[in-house]
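The residues making up each chain are set out below.
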Amino acid sequence: MSGNPRSVIMSPSILAADFSQLGNQVRAVSNADWIHVDVMDGHFVPNLSFGADITHAVSQVTELPLDVHLMIESPEKWVDHYVKAGASCIIFHVEATDDPVALARTIRAAGVRAGFSLRPGTPIEPFLPTLDEFDLVLVMSVEPGFGGQSFMPDQLEKVRLLRAEIDARGLNTLIEIDGGISTATIAQAAQAGCDAFVAGSAVFGQPDPAAAVDELRALATSAHTAI
Ligand code: DX5
Ligand code: ZN
């Protein structure tokens, strides 16, 4: 048992919210830590969600930091839009850019935290030496594009590699996991070393989204404490 477990960051994904009630849905999870905003362009992923205008609208109804996950081609063209829209962290996909470190530096220079994400089939090893350039790594535990998919436990190996590298080098880079996080899966993700947890359907698909956030947080906290 550790006396000082890592704190758990809960980031509900509004992709699973009732868009006709978006403001109320965001306000309903004010007990969360961040709000996860899934931006999809219909090209990098087959689905289309929403863009900078909706992101800005969300920023107007919450004090929580916006965790913006760009599942788009040419993310470098859109960074300014999401900075202006009120993003606190901008996460792009390494498959969508030739120079992740340069893009992270651009994002950080704009005063916003920088993160990268990777598809389940993309190995993490080539990116381990550059972790100091990033505030966050978002490990996808489903194929990006849709909510409500099943958790891929094999992706936890990436989390373990990241945890070992970050701890060995004393970095502050956070590990976030995204896809299929629920009461059935969050503990194993926390045990593998995740700090932050995205949950869409497991929060907004529940009758009481705030209670769902609390329940997920408690499960992750217990798993951290048991490490
Ligand atoms: C998938 C998105 C996820 C999605 C998660 O491409 O990046 O953030 O909203 O949804 P659930 O939690 O339902 O798997
Ligand atoms: Zn996401």
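What comes next is a walk through the structure. (Residues numbered from 1 in each chain as written. Chains lettered and ligands numbered in written order. Predicted model: local features only at pLDDT ≥ 70, side-chain atom pairs only at ≥ 80, totals over all residues. Heavy atoms only, no water.)

### Quick word on the site of ligand 1
Surveying the vicinity of ligand 1 reveals 20 residues, the closest of which are D38, G145, D178, G200 and S201. For ligand 1, an oxygen atom lies 2.6 Å from a polar atom in the side chain of D178. G180 is positioned such that a nitrogen or oxygen atom in its backbone is 2.8 Å from an oxygen atom of ligand 1. Out of a free accessible area of 380 Å², ligand 1 has 99% covered by protein chains. (Near = heavy atom within 4 Å. Polar contact = N/O pair within 3.5 Å; in protein donor to acceptor, adjacent residues only side chain to side chain. Areas by Shrake-Rupley, 256 points an atom, 1.4 Å probe, with all protein chains shown as cover.)

### What to know about the packing of aromatic side chains
We describe a pair of aromatic rings using the distance from one ring centre to the other and the angle between the two ring planes. Tallied over the full model, the rule gives 4 aromatic pairs. On the numbers, 5.5 Å between centres and 45° between planes, the contact of F116 with F127 is tilted. One end of the pair, F116, is in strand β5 (residues 113-118); the other, F127, is in the loop between β5 and β6 (136-140), with 11 residues separating them in the sequence. For the pair shown, F116 and F127 are each scored as buried. Feature note: the residues F92, F116, F127 and F134 constitute an aromatic cluster, connected by ring pairs. The aromatic ring of F44 is capped on one face by R119, whose charged end is 4.1 Å from the ring centroid. (Phe/Tyr/Trp six-rings, centres within 6.5 Å; stacked < 30°, edge-to-face > 60°. Helix = DSSP H or I, 4+ residues; strand = E, 2+ residues; numbered from the N terminus. Buried < 20%, exposed > 50% of the residue type's maximum accessible area, 1.4 Å probe, protein only. Lys NZ or Arg CZ within 6 Å of the ring centre and 35° of its normal.)

### Structural notes on the coordination of the zinc ion (ligand 2)
Only H36 (NE2), D38 (OD), H69 (ND1) and D178 (OD) from the protein coordinate the zinc ion (ligand 2), and they sit 2.0 to 2.3 Å from it. Taken together, the 6 donor atoms coordinating the zinc ion (ligand 2) span angles of 68 to 168° at the metal, a pattern that classifies the geometry as octahedral. Sequence positions of the donors to the zinc ion (ligand 2) reduce to the motif H-x1-D-x30-H-x108-D. Taken together, the residues H36 in strand β2 (residues 35-40) and H69 in strand β3 (residues 66-71) connect sequence positions 33 residues apart. H69 gets classed as buried once you look at its relative accessible area, which sits at 0%. (Donors = N, O, S within 2.8 Å, 3.2 Å for Na, K, Ca; no water. Tetrahedral: all angles 85-135°; square planar, octahedral: opposite > 155°, others 65-115°.)

In short, shape yes, function no, at least from these values alone.
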